[in-house]
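Okay, here's what each chain looks like letter by letter:
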Amino acid sequence: MSLAQSPAATIKSYRGKLPLSIITVLVCSFAIIALLYTERLSSLSSGSIFKLSSCPKRNHIKKSKNKTAEQNIYNTEIDDRFDFDPEECNVVNGKWVFNSSIKPLYSDRTCPYLDMQVSCVKNGRPDSDYRHWEWQPEDCTLPRFNPELALKKLRNKKLLFVGDSLQRGQWQSFVCMVESIIPEDKKHFKRGRSHTVFKAKEYNASIEFYWAPFLIESNSDLQIIGDPKKRILKVDSIEKHAKHWGAVDIIVFNTYVWWMSGIRLKTLWGSFANGADGFEELDTPIAYRIGLKTWANWIDSTINPNRTRVFFTTMSPTHTKSIDWGNKDGIKCFNETKPVTKKKHWGSGSDKKMMSVVSDVVKKMKVPVTFLNITQISEYRIDAHASVYTEAGGKVLTEEERADPLRHADCIHWCLPGVPDTWNQIFLAHL
């Protein structure tokens, strides 16, 4: 028999000599060899050498079809997501997942540093589900906030939050999440009109807040002018505030909601002594751009990026129009108890023009600025505002005032614990 004979020819030449059982075994053997060969080719064509992946440490896990398991997602493993990497993970893509088993790291009854404005449980809010939603990015696993890790990263450092009352909420959230693991005699707190300091003595760490709602100087910085029409912004001046921002290791800025008065803004170059004759009215995006350029120039001329990391928290959305999320009979954010589930929901409380101004200014800066992009994830959280469980004039709202949410519901500020805890979760993941 020739070595070059085909399997079929071999079988044919032995058909008269071999029993049927041997022929059957030969046929099956050749079939198995052919199948294995085909399988090997298939394996190579679909193997990792033909795939490009930019995502490290992926965990391949089964998806649960059980709705209850999906609602309590952290009782099961999450499919096909990689460890958080700020260079690869777009944290804004994801969803809020309800998890009743996870408790906040603090409450407004245990943390002594919270303002009455955001202490919703103390102020009578009866529901608690808003405290148990966790942000789950599509592509990566966002690590939970670890107080001990946060303090270790801040050892011998000064962290400063600068901005408005929403930035103050982020600062209070951060302090409350770390302070519970620090013994009473190892922490110090000093509240000032514009500059407030919390110190973790054992770590030689300082976590501070500086009040500058516009970042630049205005006539409404400390003695707040309630009527936006009477506010004047000194758009070319920042030094009055910025002189308090030196010798900082990590600085986190924000400014947005104070600009959004709905009217043209009175802006001023030079001295307030010029009075009414010295200001010019500008459209909000224009005034915002000029003010941010003043801030950016100060950063570029003052900050040493080898010593100081700079962050910017993007705009915190307001939820004052229930029609935005399809609740035609709603009254602002009042009585909302669940997040919006529509993907990429965007309401009228976030201004994309203003967001693009920040982006344009920052990309031209010499000093790198890291965005804490919290706008999209916060857009969904119509349920998490202080609403009527807040204060006015230093007093908790009365029952009569709560009964009039159209006038009194606060749909700007967030209950604590709450959404700003997630902002800080993202922030810590970047550090």
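Being a predicted model, the structure only gives us computed values, none of them experimental.

Turning to the packing of helix α5 (residues 165-179) against helix α12 (residues 419-430), a few remarks are in order. The geometry of α5 relative to α12 is characterised by a closest axis approach of 9 Å and an angle of 75 degrees between their N-to-C directions. Here α12 runs roughly perpendicular to α5, going by the angle between their axes. Between α5 and α12, the residues in contact are Leu166, Gly169, Gln170, Ser173, Phe174 and Met177 and Pro420, Asp421, Trp423, Asn424 and Phe427, respectively. Here the residues of the contact of α5 with α12 sort into six nonpolar, four polar and one charged.

One can find Ala242 in helix α6 (residues 239-242). For Ala242, a relative accessible area of 3% gives the class buried. Sequence separation between Ala242 and Trp295 is 53 residues; the distance between their C-alpha atoms is 8.9 Å.

All right, on to the pairing of strand β11 (residues 250-253) then. The two faces of β11 match: Ile250 and Val252 on one face and Ile251 and Phe253 on the other face are all buried. In this structure, strand β5 (residues 158-163) lies alongside β11, joined through four bridges in parallel fashion. Looking across to β11, one finds that Val162 is bridged to Phe253. Alignment of β11 against strand β14 (residues 309-313), held across four bridges, turns out to be parallel. Bridge pairing in β14 links Ile250 to Arg309.

Let us now look at the side chain of Asn254. Structurally, the position occupied by Asn254 is in the loop between β11 and β12 (265-268). Within the local environment of Asn254, its side chain forms a polar contact with the side chain of Asp164, the two groups lying 3.1 Å apart. Those residues in contact with Asn254 that sit more than four places away from it in its chain are Val162, Gly163, Asp164, Leu166, Gln167, Leu215, Phe312 and Thr313.

Membership of the largest hydrophobic core comes to 96 residues, with the highest contact counts inside it found for Phe174, Ile207, Trp245, Phe253, Trp295 and Phe427. If near-sequence neighbours (up to four positions away) are discounted, Phe253 is found in contact with Val162, Gln167, Leu215, Trp245, Trp295, Ile299, Val310, Phe311, Phe312 and Thr313. Residues Tyr130, Tyr389, Ala409 and Cys415 belong to the second largest nonpolar core, which totals eleven residues.

Our focus in this paragraph is the state of the cysteines. Throughout the structure, instances matching the rule amount to four disulfides. Two residues, Cys120 and Cys415, share a disulfide whose sulfurs are 2.0 Å apart. Measuring the twist about the S-S bond at about -95 degrees, one finds the Cys120-Cys415 disulfide to be left-handed. Here the residue Cys120 occupies a position in the loop between β2 (94-98) and β3 (133-137), and Cys415 occupies one in the loop between β19 (410-414) and α12, the gap between them amounting to 295 residues. Side by side, Cys120 and Cys415 carry an identical accessibility label, which is buried.

Here we take up empty space enclosed by the protein. Applying the stated criterion to the full structure yields one cavity of 30 Å³ or more. One number sums up the size of the largest cavity: a volume of about 40 Å³. Lining the largest cavity, in full, are Val118, Ser165, Leu166, Gly169, His413, Trp414 and Pro420. Of all the secondary-structure elements, those providing two or more residues to the lining of the largest cavity are α5 and β19. Of the residues that constitute the lining of the largest cavity, the class distribution is four nonpolar, three polar and no charged.

So, about the pattern of salt bridges. As a working rule, side chains carrying opposite charge can pair if their charged atoms are close by. Under the definition given, this model contains 17 salt bridges. One salt bridge connects Glu134 with Arg144, and the closest N-O pair in it is separated by 3.4 Å. Within this pair, whereas Glu134 is found in strand β3, its partner Arg144 is found in the loop between β4 (140-141) and α4 (147-153), the two being separated by ten residues in sequence. Three or more residues joined by partner-sharing salt bridges are found here, namely Asp115, Arg168 and Arg191.

Moving on, we come to the packing of helix α7 (residues 284-302) against helix α8 (residues 352-363). Closest axis-to-axis distance for the α7/α8 pair is 10 Å, and the angle between their directions is 30 degrees. Classed by the angle they form, the pair α7 and α8 counts as roughly parallel. The chirality of how α7 crosses α8 is right-handed. Where α7 approaches α8, its residues Thr284, Pro285, Tyr288, Arg289, Leu292, Lys293, Trp295 and Ala296 are matched on the opposing element by Met354, Val357, Val358, Asp360, Val361 and Val362.

With mixed pairing, the four strands of this open sheet are ordered in space as β9-β10-β12-β13. Since the sheet does not close on itself, it has two edges, and those belong to β9 (217-218) and β13 (279-282), each with one partner. Its contacts with the sheet put α7 on β12 and β13, and the angle it makes with β13 is roughly 120 degrees.

Looking now at the side chain of Asp221. Inspection of the secondary structure puts Asp221 in the loop between β9 and β10 (232-234). At 2.8 Å, the side chain of Asp221 forms a polar contact with the side chain of Ser218. Discounting chain neighbours no more than four positions away, the residues touching Asp221 are Trp211, Pro213, Phe214, Ile216 and His241.

Taken as a whole, this structure holds 23 aromatic pairs when the rule is applied. Geometrically, the ring pair formed by Phe253 and Trp295 is edge-to-face, given 5.4 Å between the ring centres and 75 degrees between the ring planes. One end of the pair, Phe253, is in strand β11; the other, Trp295, is in helix α7, with 42 residues separating them in the sequence. Owing to a relative accessible area of 1%, Trp295 belongs among the buried residues under this scheme. These aromatic residues form a ring-pair network of at least three members: Tyr210, Trp245, Phe253, Trp295, Trp298, Phe312 and Phe371. Lying across the ring of Tyr130, Arg125 places its NZ or CZ 3.9 Å from the centre.

About the thresholds
Residues numbered from 1 in each chain as written. Predicted model: local features only at pLDDT ≥ 70, side-chain atom pairs only at ≥ 80, totals over all residues. Heavy atoms only, no water. Axes fitted to C-alpha atoms, helices over the stretch in contact; angles between N-to-C directions. Helix = DSSP H or I, 4+ residues; strand = E, 2+ residues; numbered from the N terminus. Parallel < 35°, antiparallel > 145°, perpendicular 65-115°, else oblique. Contact = heavy atoms within 4.5 Å. Nonpolar A, V, L, I, M, F, W, Y, C, P; charged D, E, K, R; others polar. Buried < 20%, exposed > 50% of the residue type's maximum accessible area, 1.4 Å probe, protein only. Pairing = 2+ DSSP bridges. Polar contact = N/O pair within 3.5 Å; in protein donor to acceptor, adjacent residues only side chain to side chain. Core = buried A, V, L, I, M, F, W, Y, C linked by side-chain atoms within 4.5 Å. Disulfide = S-S within 2.5 Å. 1 Å grid on protein atoms, 1.4 Å probe; cavity = no way out; pocket = protein on both sides within 12 Å on 5 of 7 lines; lining within 4 Å. Points joined across faces, edges and corners; volume = space filled by probe spheres on them. Salt bridge = Lys/Arg side-chain N within 4 Å of Asp/Glu carboxyl O. Left-handed = near helix turned anticlockwise from the far one by under 90°. Phe/Tyr/Trp six-rings, centres within 6.5 Å; stacked < 30°, edge-to-face > 60°. Lys NZ or Arg CZ within 6 Å of the ring centre and 35° of its normal.

Fair warning: the whole summary comes from geometry, so function is off the table for now.
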